[in-house]
Structures are given as structure tokens and as C-alpha cells.
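Structural overview for review
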Amino acid sequence: TYKLLKELFTLCLVKFLLSEGSNFMLRHYENEIGLTQLGVFSYVSNLAGVVARILLQPIEEAFYAIFAKLKKVADSSTTGSHEDPSVVVFYAIFQTLTIFGMVLVLFGFTYSQTLFQLLLHHSAWDINRVAQVCSYYCVYLFTMTMNGISEAYIVASSNSEVLRKNQ
């Protein structure tokens, strides 16, 4: 039980550092960054965090369920088919999300300034700076999506021994 508790603690610590690492770095370099840039990053981060929680997390959980179900069907099937249906579905989903994500990244770089002009037109915020940070955050969200789908596939298709060994 001690080994399992140690693994759980390590996993929680890594997850905490990955989710709150940007806040630690911003606080550490607060004097060099400036409060305006800190506010811009916080605004865009919170706005994009809503997208990640509302849209991306349910997609990742749904694909995890799909991959697990397909892997279970493939493991119980004795038809002699060499293609694992979970792999076929993973490639199709990954390719579709790559195309969709690239389109969103391109639109993010192109139209984020227009979006924030509509959202913040009477604000004292520097719209160009907010739009620039949002453009780069679109790339980050795209990367998070691809990582989440890949992680869902790996976790759903691997057995517990492989997961414990490769943590």
C-alpha cells in the first residue's frame, strides 16, 4: 500500500505542477513581467480555461470511453482480424482533430484581435497584446487537445501493469 500511496502522491504532485506551474512562474518573474502583462495573461488564461473545461475535457472523457470499449471488443473478438478497431478510430479522430485544430489556430491568429475588439471595446486593456497572447494560447489549446486524445488512447488501451511501469 505504501508503494501505491507513493505513486498516487507523485501523480498528484506532477498534475499540480503542470496545472499551476504557470502561476508559480508568473509570480516569480512578476517584477520583470509587469502587472499589465500579468493581467493580460490571466485574462486570456481564464478565458481559454473555460473552453478547455467545457469543451475539451468532455471530448477527452468520451474518447477514453470509446477507446476502452473498442479495445475490450477487440480483445474479446476471435475473428482473426489483424486491425485493432481502436487504432483505426484513434487515427481517424487524431487526423480529424489535427485538421480542425489547425483551422482554429489559423483563425485564432487571424481573428483574435477582432474578437477582443468586440469584447473589450470600452476597456483600458491593450487589445493588441490580449489578442497576441490569445493567438499563442490557441496553439497551446491545440497541443493540449492532441495530448489529451493521445493520453486517453494510451490509458484506455494499455493494461495496468504497463501504465504503472511507465509512469
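Residues numbered from 1 in each chain as written. Predicted model: local features only at pLDDT ≥ 70, side-chain atom pairs only at ≥ 80, totals over all residues. Heavy atoms only, no water.

**Describing the overall build of the protein chain**
Keep this limit in mind: What counts as a helix is a DSSP run of H or I of at least four residues, what counts as a strand is a run of E of at least two, and both are numbered from the N terminus. For each residue, the accessible area found with a 1.4 Å probe, counting protein chains only, is set against the maximum for its type, and the residue is called buried under 20%, exposed over 50%, and partly exposed in between. Two residues form a contact once any of their heavy atoms are found within 4.5 Å. We get accessible surface area from the Shrake-Rupley algorithm with a probe of 1.4 Å; when it comes to residues, only the shown protein chains can shield them.
The helix and strand tally for the protein chain stands at six helices and zero strands. By the burial criterion, 23% of the 167 residues in the protein chain qualify as buried. Residue pairs in contact within the protein chain that sit at least 24 positions apart in sequence constitute 67% of those at least 6 positions apart. By element, 64% of the accessible surface of the protein chain is carried by carbon and sulfur atoms, the whole surface being about 12200 Å².

**Some thoughts on a nonpolar patch on the surface**
Here is the rule we go by: Exposure above 30% relative accessible area and the absence of a salt bridge qualify a residue for a patch, where like charges join within 9 Å and nonpolar side chains (Val, Leu, Ile, Met, Phe, Trp, Tyr) within 5 Å. In the sections that follow, a salt bridge refers to a side-chain nitrogen of Lys or Arg positioned within 4 Å of a carboxyl oxygen of Asp or Glu.
A cluster of nonpolar residues, Phe9, Leu13, Phe16, Leu17 and Phe24, forms a patch on the protein surface that exposes about 510 Å² of accessible area. Of note, Leu17 is situated in helix 1 (residues 2-28).

**Description of the packing of helix 3 (residues 35-76) against helix 4 (residues 85-119)**
To keep it simple, the criterion reads: As a rule, the C-alpha atoms of each element are fitted with a line to give its axis, helices using only the stretch in contact, and angles between N-to-C directions run from 0 to 180 degrees. Reported orientations rely on four angle classes, namely roughly parallel under 35 degrees, roughly antiparallel over 145, roughly perpendicular from 65 to 115, and oblique for the rest. Residues are grouped as follows: nonpolar covers Ala, Val, Leu, Ile, Met, Phe, Trp, Tyr, Cys and Pro; charged covers Asp, Glu, Lys and Arg; every other residue, Gly included, is treated as polar.
Contact geometry for helix 3 and helix 4: axes closest at 12 Å, N-to-C directions at 170°. Considered as vectors, helix 3 and helix 4 are oriented roughly antiparallel to each other. Of the residues in helix 4, those touching helix 3 at Tyr43, Leu47, Phe63, Ile66, Phe67, Leu70, Lys71 and Ala74 are Pro85, Ser86, Val89, Phe90, Ile93, Leu97, Phe116 and Leu119. Split into classes, the residues belonging to the contact of helix 3 with helix 4 amount to 14 nonpolar, one polar and one charged.

**Points about the nonpolar core**
For the record, the criterion: In this text, buried Ala, Val, Leu, Ile, Met, Phe, Trp, Tyr and Cys residues form a nonpolar core when linked through side-chain atoms within 4.5 Å.
Of all hydrophobic cores here, the largest spans 13 residues; its most connected members are Val44, Phe116, Leu120, Val130, Tyr137 and Leu141. Elements that contribute at least two residues to this core include exactly helix 3 and helix 5 (127-157). The dominant element in this core, judged by the number of residues it contributes, is helix 5, at six residues. In this view, Leu141 contacts Ala48, Val51, Ala52 and Leu56; residues no more than four positions away in its chain are not counted. With 12 residues, the next largest nonpolar core counts Phe90, Leu97, Ala152 and Tyr153 among its residues.

**Considerations on the environment of Ile127**
Here Ile127 lies in helix 5. A C-alpha to C-alpha distance of 9.6 Å links Ile127 and Leu115, two positions 12 residues apart in sequence. Among residues more than four places away in sequence, those in contact with Ile127 are Gln113, Phe116, Gln117 and Leu120.

**Section: helix 1**
For the record, the criterion: A helix is expected to span 1.5 Å for every residue after the first. Take the seven residues that end at a residue and the seven that start at it, fit an axis to each, and the angle between those axes is the bend at that residue.
With 27 residues, helix 1 extends only 34 Å from end C-alpha to end C-alpha; this falls clearly short of the ideal 39 Å at 1.5 Å per step. A bend of about 55° at Glu20 is the largest found in helix 1.

**A closer look at the packing of helix 3 against helix 5**
Defined as follows: When the near helix sits turned anticlockwise from the far one by under a right angle, the crossing is termed left-handed; a clockwise turn instead gives a right-handed crossing.
Running from N to C, helix 3 and helix 5 cross one another at 20°; their axes reach a closest spacing of 8 Å. Here helix 3 lies roughly parallel to helix 5, going by the angle between them. In this structure, helix 3 meets helix 5 at a crossing whose hand is right-handed. Of the residues belonging to the contact of helix 3 with helix 5, the class tally is 24 nonpolar, five polar and three charged.

**Details of the packing of aromatic side chains**
Here the distance between the centres and the angle between the planes together describe a pair of aromatic rings. How we decide: Aromatic rings from Phe, Tyr and Trp, taking only the six-membered ring of Trp, are treated as a pair when their centres fall within 6.5 Å; an angle between ring planes under 30 degrees marks them as stacked, one over 60 as edge-to-face, and anything in between as tilted.
All chains considered together, the criterion is met by nine aromatic pairs. The interplanar angle of 90° and the centroid separation of 5.4 Å between the aromatic rings of Phe67 and Tyr153 together place this pair among those described as edge-to-face. A residue pair is termed long-range when its members are at least 10 positions apart, and Phe67 in helix 3 and Tyr153 in helix 5 qualify at 86 residues. There is no split in this pair, since Phe67 and Tyr153 are both buried. Site record: aromatic cluster; members linked through ring pairs are Phe63, Phe67, Phe90, Tyr91, Phe94 and Tyr153.

So yeah, pure geometry; function would need other evidence.
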